[in-house]
Amino acid sequence: MKAMILAAGFGTRMRPLTDTCPKPLLLAGGKPLIVHHLERLKACGIDEVVINVSYRGEQIMDALGTGKAFGMTLHWSVEPTPLETAGGIIKALPMLGEAPFWLVNGDVYCTYPIDPSATLDSALAHLVMVDNPDHHPHGDFHLTETGDVFKHGQPMLTYSGIALLSPALFNGGQCDQPSRLAPYLVNAMAAGRVRGERFDGDWLDVGTPERLAELDARLSGIQ
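The structure reproduced in this document is the subject of the present report. (Residues numbered from 1 in each chain as written. Predicted model: local features only at pLDDT ≥ 70, side-chain atom pairs only at ≥ 80, totals over all residues. Heavy atoms only, no water.)

### With respect to the overall build of the protein chain
A tally of regular secondary structure across the protein chain gives five helices and 13 strands. For 223 residues, the compact-globule formula gives about 17 Å, and the C-alpha radius of gyration of the protein chain, at 17 Å, lands near that figure. Dimensions along the principal axes, computed over C-alpha positions, put the protein chain at roughly 45 × 40 × 30 Å. Each of the 223 residues in the protein chain was classed as buried or not, and the buried ones make up 51%. A fraction of 74% describes how many contacts in the protein chain between residues 6 or more apart in sequence connect residues 24 or more apart. Carbon and sulfur atoms form 52% of the exposed surface of the protein chain, whose accessible area is close to 10400 Å². Taking the average location of the 17 positive side-chain charges in the protein chain and that of its 25 negative ones, the two points are 2 Å from each other. (Helix = DSSP H or I, 4+ residues; strand = E, 2+ residues; numbered from the N terminus. Rg over C-alpha atoms; globule rule 2.2 N^0.38 Å. Buried < 20%, exposed > 50% of the residue type's maximum accessible area, 1.4 Å probe, protein only. Contact = heavy atoms within 4.5 Å. Areas by Shrake-Rupley, 256 points an atom, 1.4 Å probe, with all protein chains shown as cover. Lys, Arg positive; Asp, Glu negative; His and termini not counted. Charge placed at Lys NZ, Arg CZ, Asp CG, Glu CD.)

What follows is the structure, encoded as C-alpha cells:
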C-alpha cells in the first residue's frame, strides 16, 4: 500500500517562518515535520510515498531526495501552483495507482498507527477523527456509533488530516484545477460511503508558529 503526504501549501499561517523555508521542513524536536511522517509511515510498514510540492518545492525535494535515507521510495508530484487538497491528489493519482492509499496532511503531527493492510470494502473513504481542539471547537463531521461519517449530527469531531481513500472518490475530478477534498467527502457521505473512527492519541494541527513551538517543546522534552 502507498501513502501520500500533502506538502504543497504556501504555509501562510506560519509566516514569517515560511518566508524562506517551506512548512514541511520546519523543525520540531530536531527533525523536519515531514520527516516525522516518513519515519512513522516506515515504522507502520509503508515504504512507498507520493509527496506533492509547489511552494519552495525544490527545497523539500533536495532535502529528502529519493527517500533512500529513510529506507523508502519517494515519488514527487510537482505543482507549478498549488492545486489544494483534492486537486493535488487527483494530479498524483497516476503515481498512486488504483488501490486505496493513505493520505496524510503535512501540517499535522499524529501518532495514529497506520495499517498498511486496511481495506475500505464498499466505502470510498475512512477518516481518522479526533476531539475538537480549542481552535476548532465546532468540528468538521459527525461520527456515528456504528462508524459512519456524515456532514451533520452530534457529536461533531475534527478530521485529523489522516484518511484511507479510494481513487474512485475522485471520479470526474480534473487534475489541472484547484479543488478541495471536503466537497468530495461530503458527496460520498450523502451516498453513505464514508466510514471513520475516533483516535484519542497524540495529535496536533501544526498550523501556527505558536503550535509549532508547542510541539517542539513537547518532542524536545521541555514540557
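### What about the pattern of salt bridges?
Inspection of every chain in the model, using the stated rule, returns 10 salt bridges. A salt bridge links Asp148 to Arg195; the nearest nitrogen and oxygen atoms lie 3.2 Å apart. In this pair, Asp148 sits in the loop between β9 (141-143) and β10 (149-150) while Arg195 sits in strand β12 (residues 194-198), placing the two residues 47 residues apart along the sequence. Take Asp148: its relative accessible area is 21%, and that puts it in the partly exposed class. A residue is classified by how much of its surface remains accessible, and Arg195, at 33% relative accessible area, is partly exposed. The residue Arg218 makes a salt bridge to Asp202 at a minimum N-O spacing of 2.5 Å. On the criterion of sequence distance, the pair formed by Arg218 in helix α5 (residues 209-219) and Asp202 in the loop between β12 and β13 (203-205) is long-range, its members being 16 residues apart. Looking at Asp202, the relative accessible area reads 28%, which means it is partly exposed. (Salt bridge = Lys/Arg side-chain N within 4 Å of Asp/Glu carboxyl O.)

### Overview of the nonpolar core
Nonpolar side chains in soluble globular proteins tend to end up buried together. If you look at the biggest cluster of nonpolar residues, it comprises 41 residues, and the most contacted ones within it are Val49, Ile51, Leu64 and Trp102. Examining the composition of this core, we find that five residues originate from one element, helix α1 (residues 33-44), more than from any other. Among the nonpolar cores identified, the runner-up in size contains 30 residues, and Met4, Val50, Leu124 and Met189 belong to it. (Core = buried A, V, L, I, M, F, W, Y, C linked by side-chain atoms within 4.5 Å.)

### Focus: helix α3 (residues 84-96)
Think of an α-helix as turning once every 3.6 residues; residues three or four places apart then point the same way. If you check α3, its first and last C-alpha atoms are 17 Å apart, about what 13 residues at 1.5 Å a residue would give, namely 18 Å. The sharpest bend along α3 reaches about 35 degrees and sits at Ile90, with the proline Pro94 one to four residues further on. Burial in α3 covers these residues: Ala86, Gly87, Gly88, Ile89, Ile90, Ala92, Leu93 and Leu96. At its buried positions, α3 is contacted by β1 (3-6), β4 (48-53), β5 (73-78), β6 (101-105), β11 (156-165) and α4 (181-190). Where α3 terminates, the next one or two residues include Gly97, which has phi positive at roughly 90 degrees. (Expected span 1.5 Å × (residues − 1). Bend = angle between axes of the 7 residues up to and from the residue.)

### Thoughts on the packing of aromatic side chains
Under the defined criterion, the tally for this structure stands at four aromatic pairs. Pairing Phe170 with Tyr184 gives two aromatic rings, centres 5.3 Å apart and planes at 55 degrees, and the pair type is tilted. Of the two residues, Phe170 is situated in the loop between β11 and α4 and Tyr184 in helix α4; the sequence distance between them amounts to 14 residues. With a relative accessible area of 2%, Phe170 lands in the buried category. Residue classification places Tyr184 among the buried positions, given a relative accessible area of 17%. An aromatic cluster of three or more residues is present, and its members are Trp102, Tyr112 and Phe199. (Phe/Tyr/Trp six-rings, centres within 6.5 Å; stacked < 30°, edge-to-face > 60°.)

These results come straight from atomic positions and should not be treated as a statement about function.
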